[in-house]
Amino acid sequence: MILTRTVYLNGSWLAEADAKVSIFDRGFLFADAIYEVTGVVGGKLLEYAGHAARLQRSLAELGIACPLTQEALLAVHREIVRRNDLREGLIYLQISRGAADRDFAFPTNATPTLVLFTQAKAVLDNPKVRTGISVALVPDQRWARRDIKTVQLLYPSMAKMQAASVGADDAWLVEDGFVTEASSASAHIIGKDGTLITRGLSSAILHGITRLSVLDIAREAGLAVEERAFTPEEARDAAEAFITSATSFVLPVTKIDGQPVGDGKPGPRTLKLRQLYIENKLANAI
């Protein structure tokens, strides 16, 4: 791997090979950290205000202080795009409680660790848009506070690998007989009557920024929207299905547990929502 990026670490701009974090950092020892991912297209930030607000909420839930003001944090995002000449891709941000001697109890004097790095990635011309993705249904065995965007992502990684082992692109997680979300995205279906159905907000799912925007766009486009839990059986019987996230935007799901969704092709409403979402967010990128 060629290490060429410039990253941000605790107030310093460093070559990625020179960026080091303490082995005592609680993000490393306890997953005591939160993260955000902001999409970048044309060198501009997509939905930054929503991601910044969710960041503050997650920090507050864990009692971690943000090391920078809102204005300074936005400036760092813009500067990391400039320094890496990032035209399309994402910015990953992580804030941990900081370094302290290992103890389950939160330290009272730790200084938060702030890291940002970029990843170049084709988010507009995603080839999976043309074919859709396949998902496998996997039991949801994560902790109960999924509304906090923490870095404890081992089980979602395991679920994604379990899906890959049966030839699927991703996993949809199932708890108490209902779909919660995908391994790293929000899950949605469109019923045969044209109603968009997605799980309502609670601690059972992450409060997706893209999810919220897509629901608003769907309503404006005249689609009926129901925010409620849906079953795997409803998903298999749906006319269309898709996921939403910061870098997949709206991505069709065309197969669930090996069974085609609808006609097995990306659905027309899904593709229209993707088009409308991209047009809206590019127009409002900062």
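Residues numbered from 1 in each chain as written. Predicted model: local features only at pLDDT ≥ 70, side-chain atom pairs only at ≥ 80, totals over all residues. Heavy atoms only, no water.

## A few points about the overall build of the chain
Here is step 1: Within the chain, the regular secondary structure consists of eight helices and 15 strands.
Here is step 2: For the chain, whose C-alpha radius of gyration is 19 Å, the value lies close to the compact-globule estimate of 19 Å for 286 residues.
Here is step 3: Summarising its shape, the C-alpha atoms of the chain cover approximately 55 × 40 × 35 Å along the three principal directions.
Here is step 4: Scored against the burial criterion, the 286 residues of the chain give a buried share of 51%. (Helix = DSSP H or I, 4+ residues; strand = E, 2+ residues; numbered from the N terminus. Rg over C-alpha atoms; globule rule 2.2 N^0.38 Å. Buried < 20%, exposed > 50% of the residue type's maximum accessible area, 1.4 Å probe, protein only.)

## Let's talk about the sheet that holds strand E3 (residues 33-41)
Here is step 1: Across the sheet, six strands lie side by side as E2-E1-E6-E5-E3-E4; this open sheet has antiparallel pairing. The open sheet has two edge strands, strand E2 (12-15) and strand E4 (44-45), and neither has a second partner.
Here is step 2: Sheet topology places E3 next to E4; two bridges connect them, and they run antiparallel. In the strand pairing of E4, valine 40 is matched with leucine 45.
Here is step 3: The strands that helix H2 (residues 48-62) touches are E3, E4 and strand E5 (88-96); relative to E3, the one it contacts most, it runs at about 175°. (Pairing = 2+ DSSP bridges. Contact = heavy atoms within 4.5 Å. Axes fitted to C-alpha atoms, helices over the stretch in contact; angles between N-to-C directions.)

## Regarding the packing of H2 against helix H3 (residues 70-83)
Here is step 1: Two elements in contact, H2 and H3, have axes whose closest approach is 12 Å; the angle formed by their N-to-C orientations is 125°. Relative to H3, H2 is oriented oblique. At the point where H2 passes H3, the crossing takes the right-handed sense. In this structure, H2 contributes Tyr48, Ala52, Leu55 and Gln56 to the contact, and H3 contributes Gln70, Leu73, Leu74 and His77.
Here is step 2: Across the contact of H2 with H3, the residue classes break down as five nonpolar, three polar and no charged. (Parallel < 35°, antiparallel > 145°, perpendicular 65-115°, else oblique. Left-handed = near helix turned anticlockwise from the far one by under 90°. Nonpolar A, V, L, I, M, F, W, Y, C, P; charged D, E, K, R; others polar.)

## Looking at the pattern of salt bridges
Here is step 1: Under the defined criterion, the tally for this structure stands at 26 salt bridges.
Here is step 2: Put simply, glutamate 227 and arginine 219 hold a salt bridge, and the shortest N to O gap is 3.0 Å.
Here is step 3: Residue class for arginine 219 comes out partly exposed when judged on its relative accessible area of 39%. (Salt bridge = Lys/Arg side-chain N within 4 Å of Asp/Glu carboxyl O.)

## Some points on the side chain of threonine 254
Here is step 1: When you line up the elements, threonine 254 lands in strand E14 (residues 249-256).
Here is step 2: The exposure class of threonine 254 is buried, given its relative accessible area of 8%.
Here is step 3: A polar contact of 3.1 Å, which involves the side chain of threonine 254, links it to the backbone oxygen of threonine 131. (Polar contact = N/O pair within 3.5 Å; in protein donor to acceptor, adjacent residues only side chain to side chain.)

## Some thoughts on the packing of aromatic side chains
Here is step 1: In total, this model carries six aromatic pairs according to the counting rule given.
Here is step 2: Arranged with centres 5.2 Å apart and planes meeting at 70°, the rings of phenylalanine 30 and phenylalanine 104 form a pair that is edge-to-face. Residue phenylalanine 30 is found in helix H1 (residues 26-30), and its partner phenylalanine 104 is found in the loop between E5 and strand E6 (113-120); the two are separated by 74 residues along the sequence.
Here is step 3: The exposure class of phenylalanine 30 is partly exposed, given its relative accessible area of 23%.
Here is step 4: Centre to centre, the rings of tyrosine 92 and phenylalanine 117 are 4.9 Å apart; their planes meet at 20°, and the pair counts as stacked. On the criterion of sequence distance, the pair formed by tyrosine 92 in strand E5 and phenylalanine 117 in strand E6 is long-range, its members being 25 residues apart. (Phe/Tyr/Trp six-rings, centres within 6.5 Å; stacked < 30°, edge-to-face > 60°.)

## Here's the deal with the packing of helix H6 (residues 209-220) against helix H8 (residues 268-283)
Here is step 1: Two elements in contact, H6 and H8, have axes whose closest approach is 10 Å; the angle formed by their N-to-C orientations is 110°. With respect to their mutual orientation, H6 and H8 come out roughly perpendicular. Contact residues: H6 offers Thr210, Ser213, Val214, Ile217 and Ala218, while H8 offers Leu273, Leu276, Tyr277, Asn280 and Lys281.
Here is step 2: Taken together, the residues of the contact of H6 with H8 break down into six nonpolar, three polar and one charged.

## A look at a nonpolar patch on the surface
Here is step 1: A cluster of nonpolar side chains, namely Ile23, Phe24 and Phe28, defines an oily patch on the protein surface of about 360 Å² accessible area.
Here is step 2: Turning to its location among the elements, isoleucine 23 is positioned in the loop between E2 and H1.
Here is step 3: The exposure class assigned to isoleucine 23 is exposed, which follows from its relative accessible area of 57%. (Patch = residues over 30% accessible without salt bridge, like charges linked within 9 Å, V, L, I, M, F, W, Y side chains within 5 Å. Areas by Shrake-Rupley, 256 points an atom, 1.4 Å probe, with all protein chains shown as cover.)

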